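The residues making up each chain are set out below.
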Amino acid sequence: MIQLSNISKHFGEKELFSNLDFRMNHGNRVGLVGRNGSGKSTLFKLILAEESPDDGEISIPKGYKIGALKQHLEFSEKTLRDETALALNEEDKFSIYKVEKMLFGLGFTQDDLEKDPLSFSGGYQIRINLAKLLISEPNLLLLDEPTNYLDILSLRWLRSFLNSFDGEVILITHDRDFMDSITTHTMGIVRKTLSLIPGNTHKFYEQLALNDEHYEKQRASQDRKRKELEDFIAKNKVRASTAAQAQSKMKLLDKMEDMDSLIDDGTLEFDFNFKDTPAKVLLDVNDLSFGYKSNNILFENISFALKKGETLGIIGKNGKGKSTLLNTIAGELKQITGDINFHGTTSFAHFGQTNIAHLNPNNTIMDEIYLANSKLSEATVRGICGSMMFSGDDAKKKVSLLSGGEKSRVMLGQILAQDVNLLFLDEPTNHLDMQSIDSLTKAIKNFNGSCIIVTHSEALLRAVCDRLIVFAKEGAQYFDGSYDEFLIKIGWDEEEVEEKVKTEPKVNKKENTKQRKALVSERNKLTSPLKKEVEKLENKIIEIEDLIEKEQAELIQASNSGDNSKVIELSKIVRENENLVEELFEKLEETQIKLDDINNEYEEKIQGL
């Protein structure tokens with residue numbers, strides 16, 4: 001397995017991380033978390049030898065194949081099928097069915113197979129690279145934000161594929177639910193150091209909070225001790241009778257290590273300004289249709305009323321017209337038929353994927369916030385800039401110098417500057433880290449107005465959406481219910497089965513639902529004891545590792561004081577506990593494999609219904 005030892009990396013005067021240690025064990029699927037700019041992508045580049053560490057060593061076994069998702073696009077073949085087939089191993093070079101299965105899973109159709117790879121949009125070209133990576137069957141997959149260009153159906157397929165992948169994975173994604181559904185461990189770059197625990201992101205951040213609390217208690221205790229020593233020295237160093245004691249205390253003081261205050265990384269802060277309205281219904285849409293040509297209708301006869309306080313989600317495959325529907329309602333496109341009626345007091349703000357082009361490259365960030373609301377004071381504008389992580393002089397940066405993610409934050413800042421009661425949000429979680437997505441989700445839930453949101457995030461759909469418009473095979477349909485209700489009553493499986501197995505008879509939906517519930521119940525009965533065992537082992541590992549940390553601190557203290565018998569005794573205890581942790585990790589891996597096998601087995605059965 002790969003191993004990183006004492007890795008450090010700087011860019012100019014900026015230190016990304018130092019003394020990182022990490023070992024990848026067989027079968028591990030690791031979620032890599034950390035704030036934007038913490039060095040996650042750089043760590044991937046170091047493993048791939050695209051960057052060199054300033055210090056430390058990276059060890060990779062001979063013949064161990066690492067595959068990474070490429071963001072740059074280079075295609076040499078004339079058809080999608082032939083381009084993807086380039087990634088087949090020599091012994092599989094005629095297994096075209098593998099190519100087609102992979103492409104269908106990632107959202108391509110039968111008709112797409114003969115198209116030129118360069119004819120697809122940028123997002124779909126990234127999918128071609130993802131298909132080539134997955135089909136090459138590496139030992140280790142390095143996936144940096146693979147979810148950015150995938151719709152819900154492709155995300156669900158990729159999740160199933162990765163859970164059955166017979167190798168190691170390190171995954172960077174802002175989609176917490178996606179990460180937690182795949183990974184066995186979570187690893188984070190926090191305050192320039194690396195931490196790894198078995199379990200999901202929630203356990204990681206819970207452990208991080210406990211560690212921070214423990215550190216702050218130690219720091220407070222040390223500060224009190226330091227103050228006591230300083231007071232004693234100040235009072236006694238001039239007295240002949242106590243000068244020797246003061247000298248001894250001074251030596252103790254010199255040996256004490258400084259414990260700095262913990263510095264938290266910035267988080268985007270969302271608080272939408274609600275404009276009061278007496279309206280019960282803010283928006284009424286009747287028989288709305290749109291198409292670029294008469295034979296290319298994207299949606300038709302869409303009707304719904306949006307009440308104050310409600311959130312409507314627009315979901316479905318990419319390229320079907322989700323963003324187009326939102327842009328039509330927002331008045332940026334003209335409908336073919338239908339009416340869009342806003343209440344007289346409705347005031348909306350629109351965050352769109354193409355709205356970055358509306359920013360003036362010669363303006364500063366503050367200029368763009370003022371354009372959204374010229375009545376704001378400078379202090380308020382700076383506050384909004386700060387909430388979008390543009391504090392101090394950064395607020396005066398020109399738009400032309402910003403990255404795509406930073407420009408998205410400027411547009412979000414513009415929305416925060418306005419008094420509105422209706423939000424139009426098109427994929428607002430792109431370019432945000434997990435903590436910022438949590439903050440955005442909370443703000444949407446707390447907003448007293450209404451919201452229409454296009455998203456592929458199942459977590460966001462579950463958290464905020466009351467009703468849906470679903471783009472499926474037969475166009476767009478209104479669904480009066482939550483996302484979970486949609487999955488139970490309709491689901492995505494029907495469409496997939498219908499597309500791929502057209503000769504099979506129609507499935508009885510009631511019988512299908514009954515069988516699905518029975519399989520879920522059967523699976524839960526088998527996995528429940530294994531999940532409890534995994535949790536028990538994880539907690540035991542954390543408990544013993546905390547104990548080892550305390551014992552190592554005592555060992556250092558005993559070594560410094562020259563207590564050799566204590567050193568021998570503690571060394572033995574630490575060694576025994578470290579061996580115990582290794583044994584527990586082995587048991588954890590065995591249990592996790594059993595759990596994954598059962599989940600994969602029943603996932604296949606459920607998908608086969």
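Each value, and the rule that gives it
- Each residue is numbered by its place in its chain's sequence as written, counting from 1.
- Per-residue local features are limited, in this predicted model, to residues with pLDDT of at least 70; the limit for side-chain atom pairs, both in listing and counting, is 80 or more; totals at the level of whole chains, interfaces and linings are taken over all residues.
- Only hydrogens and water are set aside; all other atoms, that is, all heavy atoms of the structure, feed into the side-chain values.
- The helix and strand labels rest on DSSP assignments: H or I over at least four residues marks a helix, E over at least two residues marks a strand, and numbering proceeds from the N terminus.
- Between buried and exposed lies partly exposed: a residue is buried under 20% and exposed over 50% of the maximum accessible area for its type, with that area taken using a 1.4 Å probe on protein chains only.
- Contact between two residues is taken to exist if any of their heavy atoms lie within 4.5 Å; hydrogens are not considered.
- The Shrake-Rupley method, run with a 1.4 Å probe, gives the accessible areas here. Residue values count only the displayed protein chains as cover.
- Neither His nor the chain ends is counted toward charge; the positive residues are Lys and Arg and the negative residues Asp and Glu.
- To locate a charge, the coordinates of NZ of Lys, CZ of Arg, CG of Asp or CD of Glu are taken.
- Points on a 1 Å grid, built from protein atoms alone, make a cavity when a 1.4 Å probe fits but cannot get out and make a pocket when they are open with protein on both sides within 12 Å along at least 5 of 7 lines; residues with an atom within 4 Å of a point are the lining residues.
- Grid points are joined across faces, edges and corners, and a volume is the space filled by probe spheres set on the points.
- A pairing counts as a salt bridge when a side-chain nitrogen of Lys or Arg comes within 4 Å of a carboxyl oxygen of Asp or Glu.
- Under the pairing criterion, centres of Phe, Tyr and Trp rings, with the six-membered ring standing for Trp, must be within 6.5 Å; the plane angle then separates stacked pairs below 30 degrees from edge-to-face pairs above 60, leaving the rest tilted.
- Two thresholds decide whether a charge sits over a ring: the Lys NZ or Arg CZ must be within 6 Å of the ring centre and within 35 degrees of the ring normal.
- In this scheme, strands are said to pair when DSSP sees at least two bridges between them.
- In this analysis an axis means a line fitted to C-alpha atoms, helices contributing only their contacting stretch, and an angle means the value between N-to-C directions, from 0 to 180 degrees.
- Per-residue confidence from the predictor is reported as pLDDT, which spans 0 to 100.
- The definition of a polar contact used here is a pair of N or O atoms within 3.5 Å, where within protein one atom must be able to donate a hydrogen and the other to accept one, and adjacent residues in sequence count solely through side-chain atom pairs.
- What a helix should span is 1.5 Å times the count of its residues minus one.
- Like charges are joined within 9 Å and nonpolar side chains (Val, Leu, Ile, Met, Phe, Trp, Tyr) within 5 Å, but only among residues with over 30% relative accessible area and no salt bridge; these make up the patches.
- Oblique is the label for every angle not falling under 35 degrees (roughly parallel), over 145 degrees (roughly antiparallel), or within 65 to 115 degrees (roughly perpendicular).
- Two helices cross in a left-handed way if the nearer one is turned anticlockwise from the farther one by less than a right angle. They cross in a right-handed way if the turn is clockwise.
- Each residue is assigned to one class: nonpolar for Ala, Val, Leu, Ile, Met, Phe, Trp, Tyr, Cys and Pro, charged for Asp, Glu, Lys and Arg, and polar for all the others, Gly among them.

### Some points on the overall build of the protein
So, point 1. Per the secondary structure count, the protein includes 18 helices and 20 strands.
So, point 2. Classification of the 609 residues of the protein by burial places 46% in the buried group.
So, point 3. Across the protein, every contact between residues at least 6 apart in sequence was considered, and the portion connecting residues at least 24 apart equals 70%.
So, point 4. For the protein, the accessible area works out to roughly 31,900 Å², and carbon and sulfur atoms hold 47% of it.
So, point 5. Here the protein contributes 79 positively and 101 negatively charged side chains, and the mean placements of these two sets differ by 3 Å.

### Quick look at empty space enclosed by the protein
So, point 1. Per the counting criterion, the structure on display carries 1 cavity of 30 Å³ or more.
So, point 2. In this structure, the largest cavity spans a volume of roughly 30 Å³.

### Overview of the pattern of salt bridges
So, point 1. Throughout the structure, instances matching the rule amount to 16 salt bridges.
So, point 2. For Glu-100, the salt bridge identified is with Arg-81, shortest N-O distance 3.2 Å. Within this pair, whereas Glu-100 is found in helix 3 (residues 96-105), its partner Arg-81 is found in helix 2 (residues 80-85), the two being separated by 19 residues in sequence.
So, point 3. A residue is classified by how much of its surface remains accessible, and Arg-81, at 17% relative accessible area, is buried.
So, point 4. Note that Lys-132 and Glu-83 form a salt bridge whose closest N and O atoms lie 2.6 Å from each other. Here Lys-132, found in helix 4 (residues 122-135), pairs with Glu-83, found in helix 2; they are 49 residues apart in sequence, far enough to count as distant. Assigned by exposure class, Lys-132 and Glu-83 land together as buried.

### Here we look at the packing of aromatic side chains
So, point 1. Counting across every chain of the model gives 16 aromatic pairs.
So, point 2. Here Phe-290 and Tyr-292 contribute two aromatic rings whose centre-to-centre distance is 5.0 Å and whose plane-to-plane angle is 90°, an arrangement assigned as edge-to-face.
So, point 3. Judged by its relative accessible area of 5%, Phe-290 is buried.
So, point 4. Ring centres of Phe-479 and Phe-486 lie 5.8 Å apart, and the angle between their planes is 75°; on these two criteria the pair is classed as edge-to-face. Each member of the pair, Phe-479 as well as Phe-486, is classed as buried.
So, point 5. Through a chain of ring-to-ring contacts, three or more aromatic side chains come together here, namely Phe-270, Phe-272, Phe-274 and Phe-447.
So, point 6. Across the ring face of Tyr-124, the terminal group of Arg-127 is positioned such that the distance to the ring centre comes to 4.2 Å.
So, point 7. The ring of Phe-390 carries the charged tip of Arg-409 above its face, separated from the ring centre by 4.6 Å.

### So, the sheet that holds strand 3 (residues 29-33)
So, point 1. Overall, mixed pairing links the 6 strands, which are arranged 5-6-7-3-8-9 in an open sheet. The open sheet has two edge strands with one neighbour each: strand 5 (66-68) and strand 9 (193-198). Averaged over all pairs of adjacent strands, the angle between their axes in this sheet comes to 20°, without regard to strand direction.
So, point 2. Pairing of strand 6 (residues 140-144) with strand 7 (residues 168-172) involves 5 bridges; the strand directions are parallel. Bridged to Asp-144 within strand 7 is Ile-172.

### Concerning the pairing of strand 9
So, point 1. Pairing analysis gives 6 bridges linking strand 8 (residues 185-190) to strand 9, with the strands arranged antiparallel. Bridge pairing in strand 9 places Val-190 opposite Thr-193.
So, point 2. Between strand 8 and strand 9, which pair antiparallel one after the other, the connecting turn spans 2 residues, and Arg-191 there sits at a positive phi close to 50°.

### Thoughts on the confidence of the model for the protein
So, point 1. Residues at a pLDDT of 70 or more form 92% of the protein, whose mean pLDDT is 85.
So, point 2. When mean pLDDT is compared element by element in the protein, strand 18 (residues 450-454) scores highest at 96, while helix 16 (residues 493-500) scores lowest at 43.

### Some words on the side chain of Thr-277
So, point 1. When you line up the elements, Thr-277 lands in the loop between strand 10 (273-274) and strand 11 (281-293).
So, point 2. A polar atom in the side chain of Thr-277 sits 3.1 Å from the backbone nitrogen of Ala-279.
So, point 3. Within the structure, the side chain of Thr-277 is placed 2.5 Å from the side chain of Thr-345, a separation counted as a polar contact.

### Some thoughts on helix 12 (residues 404-417)
In an α-helix, one turn spans 3.6 residues, which is why side chains three or four residues apart end up on the same side.
So, point 1. Taking 1.5 Å per residue as the helical rise, helix 12 with its 14 residues ought to reach 20 Å, and the 20 Å between its terminal C-alpha atoms agrees with that figure.
So, point 2. Burial analysis of helix 12 places 12 of its 14 residues in the buried class, the great majority of the element.
So, point 3. Those residues of helix 12 that are buried are in contact with strand 10, strand 15 (348-351), helix 10 (365-372), helix 11 (378-387), strand 16 (419-420) and strand 17 (422-426).

### A few points about a negative patch on the surface
So, point 1. There is a patch of like negative charges on the surface, built from Glu-578, Glu-582, Glu-583, Glu-586 and Glu-590.
So, point 2. As for its position among the elements, Glu-586 is in helix 18 (residues 564-607).

### A short note on the packing of helix 10 against helix 11
In a packed pair of helices, the relevant descriptors are the angle between the two axes and the axis-to-axis distance.
So, point 1. Direction vectors running N to C along helix 10 and helix 11 enclose 115°, while the axes themselves pass 10 Å from each other. Our classification of the angle between helix 10 and helix 11 gives roughly perpendicular. As helix 10 runs across helix 11, the sense of the crossing is right-handed. Only Glu-378, Val-381, Arg-382, Ile-384 and Cys-385 of helix 11 make contact with helix 10, whose side of the interface consists of Ile-365, Met-366, Ile-369 and Tyr-370.
So, point 2. Across the contact of helix 10 with helix 11, the residue classes break down as 7 nonpolar, no polar and 2 charged.

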